[in-house]
Amino acid sequence: MRNIYLIMIVAASAITSNVYSQSATPVNWIHGLGETDKIWKNYAPLFEQERIMTSNTPVYYDNDRSGVVSAKNTLDNRMTASASNILIGHSMGGLVAREYERNYGSSLVRGIVTVTSPNQGATVANQIISGNAQTIINRGIADLSAGPVADGKTIMNALLTSSLTGIPTTVTNKIINKKVDAFLKENLFVKVSEFLANEPYATLEDFKVNGTYINGLNAYTARVPIVNIICEENDKAALRIANSAISPPEDATLNQYEDGHVATIVDRLREIYKGRRIFYDVAKWTNPLAYSSLNSLANKWQRGENYLGSVYEADYNTLIGATRTLPVTTQVLVQVCNTTCSDPNARVAPTCPPPTESDCHYEYQNVTTYQVVTTASDGLLPNWTQRMPKIADDNVYTAVGVNHLEVGNHPEIEKAYRKVFDRTDQLRVLKRQ
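All figures in this text were calculated on a predicted structure; none of them were measured in a lab. (Residues numbered from 1 in each chain as written. Predicted model: local features only at pLDDT ≥ 70, side-chain atom pairs only at ≥ 80, totals over all residues. Heavy atoms only, no water.)

(A) Structural context of helix 4 (residues 123-130). Taken as a whole, helix 4 has its buried residues at T123, V124, A125, Q127 and I128. A positive backbone phi angle near 90° is found at G131, which sits one or two residues after helix 4. (Buried < 20%, exposed > 50% of the residue type's maximum accessible area, 1.4 Å probe, protein only. Helix = DSSP H or I, 4+ residues; strand = E, 2+ residues; numbered from the N terminus.)

This is the structure we're talking about:
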């Protein structure tokens, strides 16, 4: 089940093995939370044809709610037993790969590739545990429902006009005859809402930013090379990952997956909200007796229009930690003046003359201010959390235009794997002649 796209801050790890010989390199492709080994069905055979390698796709989805260590234990008898193992892990799979190496080191692992993994934790886990995620979702549903509920409307047929041809029936079937609030719950927020309705995953604690597990894992120094593939969606990341949650990329023809259908629906939906808002804005001036009620309807539809226009993205970036408030400390030259004009026993503060030049001097002092910073993300994990602390720049690869669920079918990811396999260290996988 892909019942996670917002919160599944976790996911798969890939481990790469090797020795410089013509024997096949065992590569273990490790899926992420809520996924199966199906996510690798395009790339495992592709690189087997191109490289001297054998692919293993071990699974832990039968025990993916119990945390990273438990997932690693599940894989113990499902991994290739070789000191040449390369581990490639997506999302949580990347953490599982790192945990595996922490236990067995170079005796069973030659190298690791984490692919859009929460190497510094997943803010969404913190938000879910604190209850803030549900607050954000409820606020969004309230804004989007206000106009339609007040108007007694169902989802408009205009949503399904010929202008939206190409949208998969798996998407359109879900919105026919639905009220707008139900539509939003079912398509934009369903993955998170379902997750919050179920028993909490023990894994959430492992994904917490600055949590015990993540901090412990990052305090450990790996004994094998590790590279991070960071995925970065460059437009409407939240809606594109929603699209991939509904229509899995790995089911599409290789390098031909289209992730913009949900974004198209939302753009059309916003036009509907805008049209209803304009209708009532005009009507209130032509019907003075109903001005108050018509103005109220206009304002309620505008809530949804504004939400779809900018508030949704801002809320989502806060939810996943792409938008953060960070302390910024700078040194500022300030004047410091000393004066002896004081009387601790006085009931009223004495009137003191202004300090003279001899009373004052200049010194640099640290001043801390707070700035709101927004970074790119894959729709679930911001770039900063996908990157391991203290990792060298030449061990980090960025795949632009890739959302968190597109790791099984995207040309930029394919390029990143080739760059890793072409390295000259232990991560190298020789090409077939």
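Next comes the rest of the account.
(B) Molecular detail of the packing of helix 12 (residues 261-286) against helix 13 (residues 291-320). Closest axis-to-axis distance for the helix 12/helix 13 pair is 8 Å, and the angle between their directions is 160°. With respect to each other, helix 12 and helix 13 are oriented roughly antiparallel. As for the relative orientation of helix 12 and helix 13, their crossing is left-handed in sense. Along its contact with helix 12, which presents V266, L269, R270, Y273, K274, R276, R277, Y280, D281, A283, K284 and W285, the element helix 13 presents Y291, L294, N295, L297, A298, W301, Q302, G304, E305, L308 and G309. Grouping the amino acids of the contact of helix 12 with helix 13 by side-chain chemistry returns 12 nonpolar, 4 polar and 7 charged. (Axes fitted to C-alpha atoms, helices over the stretch in contact; angles between N-to-C directions. Parallel < 35°, antiparallel > 145°, perpendicular 65-115°, else oblique. Left-handed = near helix turned anticlockwise from the far one by under 90°. Contact = heavy atoms within 4.5 Å. Nonpolar A, V, L, I, M, F, W, Y, C, P; charged D, E, K, R; others polar.)

(C) Here's a closer look at the state of the cysteines. All told, the structure shown has 1 disulfide when counted by the stated rule. The side chain of C337 participates in a disulfide bridge whose partner is C360; the two sulfur atoms lie 2.0 Å from each other. Between C337 and C360, the S-S torsion sits near 105°, and that sign places the bridge as right-handed. In this pair, C337 sits in strand 7 (residues 323-337) while C360 sits in strand 8 (residues 360-374), placing the two residues 23 residues apart along the sequence. Classification of C337 as partly exposed rests on a relative accessible area of 32%. Judged by its relative accessible area of 18%, C360 is buried. (Disulfide = S-S within 2.5 Å.)

(D) The nonpolar core, seen in detail. With 62 residues, the main nonpolar core has L87, M92 and F207 as its most contacted residues. Ranked by residues supplied to this core, first place goes to helix 13 with 10 residues. Core analysis: the next-biggest nonpolar cluster, separate from the first, contains 27 residues, M53, V115, Y417 and L427 among them. (Core = buried A, V, L, I, M, F, W, Y, C linked by side-chain atoms within 4.5 Å.)

(E) Looking closely at unusual backbone geometry. Its identity is not glycine, yet N255 carries a phi of approximately 65°, on the positive side. Note on placement: N255 falls in the loop between helix 11 (237-246) and helix 12. Judged by relative accessible area, N255 falls into the partly exposed class, the value being 34%. Here K390, not a glycine, exhibits a phi torsion of approximately 65°, which is positive.

(F) Fine view of the packing of helix 3 (residues 92-104) against helix 10 (residues 212-219). Between helix 3 and helix 10, the shortest axis-to-axis distance is 11 Å and the interhelical angle comes to 55°. Classified by the angle their axes make, helix 3 and helix 10 are oblique. Considering how the two elements wind past one another, helix 3 and helix 10 form a crossing that is left-handed. Facing L95, R98, E99 and R102 of helix 3, the residues of helix 10 in contact are Y213, I214, G216, L217 and N218.

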